[in-house]
Amino acid sequence: MKVEGKRKIWSDYQKDIAYDRFYYVRSCIRQTVWPGAENIYLRILREVLGKEVIESEHHTTCTGIGYHTEVVPFETLQTVVARNFALMQDAGFENYNPSCVTSFGIYTEILDTWHHFPEEKQKTRDYLKKATGREFEEPKNLAHTSDVIYKFRNEISEKSKYTLINKVTGEPLKVVDHIGCHYAKMFPAKGVGGAEYPHVLAGLVEAWGGEVIDYPERRHCCGFGFRQYLVQANRGYSISASKKKFESMESFKPDFILTNCPGCNFFMDRWQYALAEMEGKTYDENGNGIPVLTYEELAGLVLGFDPWVIGLQMHQVDVEPLLVKMGIDYDPNQKFKGINGKDLGLPESPNNLNFIK
Amino acid sequence: MVNFGYTTLPTHIHDMDKADLGLADSISFEDSSFNLCIACGSCTSTCTAGAFTNFSFRQMCHQIKRGENSQAIAESEKCMLCGKCTLACPRNVNTRNIIRLVRKANQTI
Amino acid sequence: MSKTVAIIGGGIAGLETSIQLEKLGYDVTLYEKDKALGGHAGKWDRLFPNRRHATEVIDSLTSRIKDKVQINLAATVNQIKRENGSFLVEANGKSQKADAIVLTTGFELFPANKKEEYGYGIFENVITSAELESMFSSNGKPLMTNGNNPAKVAFIHCVGSRDEKVNRPYCSKVCCVTAVKQAIEVKEAIPTSDVYCFYMDLRMFGPGYEDLYKEAQVKGVNFIRGRLSETSEMEGGRVLIKAEDTLSSKPLKMTVDMVVLMVGMSPLPSTEKLLKDLEITPNNDGFVQVKDYHLEPTHTEADGVFVAGACTGPNNITDSVNAAHTAALEVHKYLTSE
């Protein structure tokens, strides 16, 4: 591998990422499945980096999942997105900051559509006005939340408590990065590092001391694919796509998988459980599975937030082996205590995937 | 094992790292005209068997080159050995001999 | 006083035009931006279809140049101006008068890193066809970066040709036969190697080309019809490649030790500036537009400016030599009709 070749590509694909005053928009999947991840993102921006971030309780889904499963028409999608933009203007903000890669893809696609087909934008203005009485402007800056963590990766590194170095062996941790398809595959110039060799997560791993592993199926879809998962008859197709990735990364013995997309994060984590239960196979050596982290969760760990505050107990593949490698001090007894100290109860243990109580 | 109501799917990809090219190598060694196909389809278009079955000499050779040997051997049974394809082939592939070699490999196996 | 012709570019076309114009009695000023004459062919090891050494051709051309040709090496032409019915050619800060111009600026090899998904410049053992020629010149065989012989080599046709994604929609026409030639050479240099050519169509249009293709088949080179989608680097610098095997309508993958990208011919960016000076518009593919593709293939729309070789589009050596002869004759007709 010639890293200088990658650096050349990375320098070709740099994008504008706002410095402050973010209008934050949640992800349907992430806020449901890993609410701690979104919470920790806001805390890092506000408490660690001192940024101004707001969100509106009135914002809705972008309807991306419905759009991609063809139950929401394009006109509806555009109007819903325009309404979310209007809410940002109401709040006096200009930098739109979605937490979801599907949404980021949707916003990018719509802004590009309006650029090339202004009549679509005019139509959307009319629909929004009729439906809600609102008017909207395009955001000044559109950056995914992983872009923002990327932009401040060195500041985070300076304030970090832990690095991505294996405390036992002294070696850098081996990380496979997985980028959501809609982050840059549709519009390579809108992703940090482009579509073929994205730098948005690799840059974090580099900055925090780890080593990125480039495995053959890195560019392959996680398997979500919307209707491929949502329709039960297609689910074998979805899990097979994830399996192909796990098989491809297995020989590289990654310490964890780092993702930037809520769907990918969900499927790469949960399908490891399903594969273990269906086929008795895990893709690490010890039957633990390969931990899957989002960039905010990883940033939170590096900065020294408590793993259970970050919400890592919500993962199907347990993260404790990784915490040990990073030398993170954590209290196993707090794993299933809620934020108020209330006992959440112990989940059922899978048959073929180690569960750390 | 748990049955969730769906299964993982077998791969549809030609994995050339795992393909069994033994038959291809032995046929090529015994009759190197096997290598000369340019996939023009003259053999199939003139084929007596191909008019009534899905037999394609070109496709059978291709299957051997991808290690799909059992399919190719089964296909070879459809040939009537009339020899029209040998007349038609612009690259002078000795098609009847290739069929003979495939069938011989079947007996050896 | 004899008239002077400026020839821009000292590759095959420029050398042959110089020879012919000198024979016709003209003073020739030959500008070459590199330190040596011969262009791309001068850096090649052996030529299709008969695999003679490229140096034979280049040496033969340079030996026929006599003293009425003023050769300027490492001379980049920055500007060409019209002045009182003739031209002023400025190179390296020095201007010289010319009565006619022949553009023989040639081409550049397609910059393979533009096909990001092929990993050129990133993966160790992904090389271009030109780099393979250098390996043949210096080692007589290809070598992996770890010094080992590659056991499996894949040639990828049409890299920077027939590809609208990289703004190269045209066929570069010489790469098919070059791949077949190089595949045979790899097989001969490393007889135990497995060699694969991934092609979309094999365009064997010239004399001896189809024979070369058949020779490659006889020698066991495997031809797979399908365009490479992407590469990934494996342990030990090996490369996983993926394509569709379009003859069986299935995706295909294989791990190889070396990938050779058959880079096409691209318009040379520095020619563009000269075309602006001379008020000549490039053709759709970005090469020099000739006045009449069928009947005046070495004329341009600018009076007194002629053209030969691969700056008009992908050419083989024979095409360039033929065009050079024509251009020389057309220059002669132009300069004697005044």
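Residues numbered from 1 in each chain as written. Chains lettered and ligands numbered in written order. Predicted model: local features only at pLDDT ≥ 70, side-chain atom pairs only at ≥ 80, totals over all residues.

A.B. asks: Help me understand the overall build of chain B, please; the structure alone is not making it clear to me.
C.D. replies: Of regular secondary structure, chain B possesses six helices and one strand. Starting at the N terminus and ending at the C terminus, chain B contains elements arranged as β-α-α-α-α-α-α. Expressed as a percentage of the 109 residues in chain B, the buried residues total 34%. Counted over contacts in chain B with a minimum sequence separation of 6, partners at least 24 positions apart contribute 64%. (Helix = DSSP H or I, 4+ residues; strand = E, 2+ residues; numbered from the N terminus. Buried ≥ 20, exposed ≤ 12 C-beta atoms within 10 Å, placed from the backbone. Contact = placed C-beta atoms within 7 Å.)

A.B. asks: I'm lost on the overall build of chain C in this one. Help?
C.D. replies: Within chain C, the regular secondary structure consists of seven helices and 18 strands. In terms of overall dimensions, chain C is globule-like: its C-alpha atoms have a radius of gyration of 21 Å, near the 20 Å expected for 338 residues. A buried classification covers 48% of the 338 residues belonging to chain C. (Rg over C-alpha atoms; globule rule 2.2 N^0.38 Å.)

A.B. asks: Explanation requested: the sheet that holds strand β6 (residues 94-98) of chain C in the structure shown.
C.D. replies: Within a beta sheet, neighbouring strands are joined by backbone hydrogen bonds and run either parallel or antiparallel to one another. Residues and elements named next belong to chain C. Read across the sheet, three strands follow the order β4-β5-β6 without closing on themselves; strand pairing throughout is antiparallel. The two strands at the open ends of the sheet, each matched to only one other strand, are β4 (77-83) and β6. Strand-to-strand, the axes of this sheet are offset by a mean angle of 25°, without reference to chain direction. Sheet analysis places β4 next to strand β5 (residues 86-91), joined by six bridges and oriented antiparallel. Bridged to Q79 within β5 is E90. (Pairing = 2+ DSSP bridges. Axes fitted to C-alpha atoms, helices over the stretch in contact; angles between N-to-C directions.)

A.B. asks: Help me understand the packing of helix α3 (residues 129-139) of chain C against helix α4 (residues 175-189) of chain C in this model?
C.D. replies: The relative placement of two packed helices is expressed as an angle between their axes plus a distance between the axes. All names here are of chain C. Viewed as axis vectors pointing N to C, α3 and α4 meet at an angle of 35°, and their least axial separation amounts to 11 Å. Like other packed secondary-structure pairs, α3 and α4 cross with a definite hand, here left-handed. Contacts between α3 and α4 involve S129, L132 and F136 on the former and, on the latter, C175, T178, Q182 and E185. In terms of residue class, the contact of α3 with α4 is built from three nonpolar, three polar and one charged. (Left-handed = near helix turned anticlockwise from the far one by under 90°. Nonpolar A, V, L, I, M, F, W, Y, C, P; charged D, E, K, R; others polar.)

A.B. asks: What is the right way to read the interface of chain A and chain B from this model?
C.D. replies: With twelve residues of chain A at the contact, the number on the chain B side is eight residues. Elements supplying a minimum of two residues to the side of chain A that touches chain B: α13 (235-250) and α14 (262-279) of chain A. The dominant element in the side of chain A that touches chain B, judged by the number of residues it contributes, is α13 of chain A, at six residues.

A.B. asks: Looking at this structure, how should I read the environment of G85 of chain C?
C.D. replies: Residues and elements named next belong to chain C. Here G85 is to be found in the loop between β4 and β5. Overall, the presence of 9 C-beta atoms within 10 Å leaves G85 in the exposed class. Placed 142 residues apart in sequence, G85 and R227 show a C-alpha to C-alpha distance of 51 Å.

A.B. asks: Explain the pairing of strand β16 (residues 258-263) of chain C here, please?
C.D. replies: Each regular strand displays side chains that alternate between the two surfaces of the sheet. Residue and element names in this part refer to chain C. In terms of residue burial, β16 counts as a mostly covered element, since six of its six residues are buried. In this structure, strand β9 (residues 126-128) lies alongside β16, joined through three bridges in parallel fashion. In the strand pairing of β16, V126 is matched with V259. Inspection of the sheet shows strand β10 (residues 152-159) paired to β16 by five bridges, in the parallel sense. Each residue of the ladder has a partner; that of V159, found in β16, is V263.

A.B. asks: What should I look at first to understand the domain arrangement of chain C in this one?
C.D. replies: Where interface size is quoted, it is often the accessible area lost as the parts come together. Residue and element names in this part refer to chain C. Splitting chain C by domain gives domain 1 (4-106 + 268-336) and domain 2 (112-264). Its C-alpha centre places domain 1 at a distance of 31 Å from the equivalent point of domain 2. Taken residue by residue, the interface counts ten residues in domain 1 and 15 residues in domain 2. A per-class count over the side of domain 1 that touches domain 2 returns four nonpolar, two polar and four charged. (Domains from an automatic or database assignment.)

A.B. asks: Which parts of the structure should I look at to understand unusual backbone geometry?
C.D. replies: Residue and element names in this part refer to chain C. A cis amide bond links F48 to the next residue, P49, at an omega of -5°. Note that P49 resides in the loop between β2 (27-31) and α2 (54-63). Even without a glycine there, the phi angle at S249 is positive, about 55°. Inspection of the secondary structure puts S249 in the loop between β14 (239-245) and β15 (250-256). At E279, a position not held by glycine, the phi torsion is positive, near 55°. Take E279: it is sitting in the loop between α6 (269-277) and β18 (305-307).

A.B. asks: Even after reading the chapter, I still don't get α4 of chain C, so can you show me in this structure?
C.D. replies: Think of an α-helix as 3.6 residues a turn; residues three or four steps apart then line up on the same face. All names here are of chain C. Along its 15 residues, α4 runs 20 Å from first to last C-alpha, staying within 8% of the 21 Å computed at 1.5 Å per residue. Burial of α4 is extensive: twelve of the 15 residues sit out of reach of the surface. Here α4 has its buried residues at C175, C176, V177, T178, A179, V180, K181, Q182, A183, I184, E185 and V186. Looking at the packing, one finds that the buried side of α4 touches α3, β10, β11 (194-199), α5 (209-218) and β16. (Expected span 1.5 Å × (residues − 1).)

A.B. asks: What is the right way to read the packing of helix α5 (residues 74-91) of chain A against helix α7 (residues 118-132) of chain A from this model?
C.D. replies: Residues and elements named next belong to chain A. Where α5 meets α7, the closest approach of the two axes is 9 Å, and the angle between their N-to-C directions is 70°. Looking at the two axes, α5 sits roughly perpendicular to α7. Here E75, Q78, T79, A82, R83 and A86 of α5 lie close against α7, whose contacting residues are E120, T124, Y127, L128, A131 and T132. In terms of residue class, the contact of α5 with α7 is built from five nonpolar, four polar and three charged. (Parallel < 35°, antiparallel > 145°, perpendicular 65-115°, else oblique.)

A.B. asks: Help me out: how do you make sense of the interface of chain C and chain B in this one?
C.D. replies: The partner chain B presents 13 residues to the 14 residues of chain C that form the contact. Among the elements of the structure, α5 and β15 of chain C are those that each provide at least two residues to the side of chain C that touches chain B. Classifying every residue of the side of chain C that touches chain B by side-chain character gives five nonpolar, four polar and five charged. With two bridges connecting them, strand β1 (residues 14-15) of chain B and β15 of chain C associate as parallel partners. Residue pairing across strands places D15 of chain B opposite K253 of chain C, the latter belonging to β15 of chain C.

A.B. asks: Would you explain the pairing of strand β7 (residues 100-103) of chain C in this entry?
C.D. replies: Residue and element names in this part refer to chain C. Every second residue of β7 is oriented toward a common face, with A100 and V102 on one face and I101 and L103 on the other, all of them buried. Inspection of the sheet shows strand β1 (residues 4-8) paired to β7 by four bridges, in the parallel sense. Following the sheet pairing, V5 is matched in β7 by A100.

A.B. asks: For this particular structure, what's the right way to read the nonpolar core?
C.D. replies: Note on soluble globular proteins: their nonpolar side chains tend to be buried together. In terms of nonpolar packing, the biggest core is built from 98 residues, with V81, L204, V205 and L258 of chain A touching the most fellow members. In terms of residues, this core owes the most to one element, α14 of chain A, which gives nine residues. The two domains that each donate at least three residues to this core are domain 1 (15-145) and domain 2 (146-334) of chain A. By size, the runner-up hydrophobic cluster in this structure holds 52 residues, among which are Y118, A179, I224 and V256 of chain C. (Core = buried A, V, L, I, M, F, W, Y, C linked by C-beta atoms within 7 Å.)

A.B. asks: Hey, could you run me through the confidence of the model for chain B in this one?
C.D. replies: Do not read the predicted coordinates in detail wherever pLDDT is low. For chain B, per-residue confidence averages 94 on the pLDDT scale, and residues scoring 70 or more make up 98% of the total. Taken element by element, the predicted model of chain B shows its lowest mean pLDDT in helix α6 (residues 95-108) of chain B (91) and its highest in helix α3 (residues 57-65) of chain B (97). (pLDDT = per-residue confidence, 0-100.)

A.B. asks: Can you help me understand the sheet that holds β10 of chain C in this one?
C.D. replies: Residue and element names in this part refer to chain C. Pairing within the open sheet is parallel, and its five strands lie in the order β9-β16-β10-β11-β12. The strands lining the two open edges of the sheet, one partner per strand, are β9 and β12 (222-225). Each adjacent strand pair in this sheet contributes to an overall mean axis angle of 25°, direction not counted. Strand contacts of α3: β9 and β16, with the helix running at about 115° to β16, the strand carrying the most contacts. Of the strands in this sheet, β10, β11 and β16 touch α4, which is tilted by about 170° from β10.

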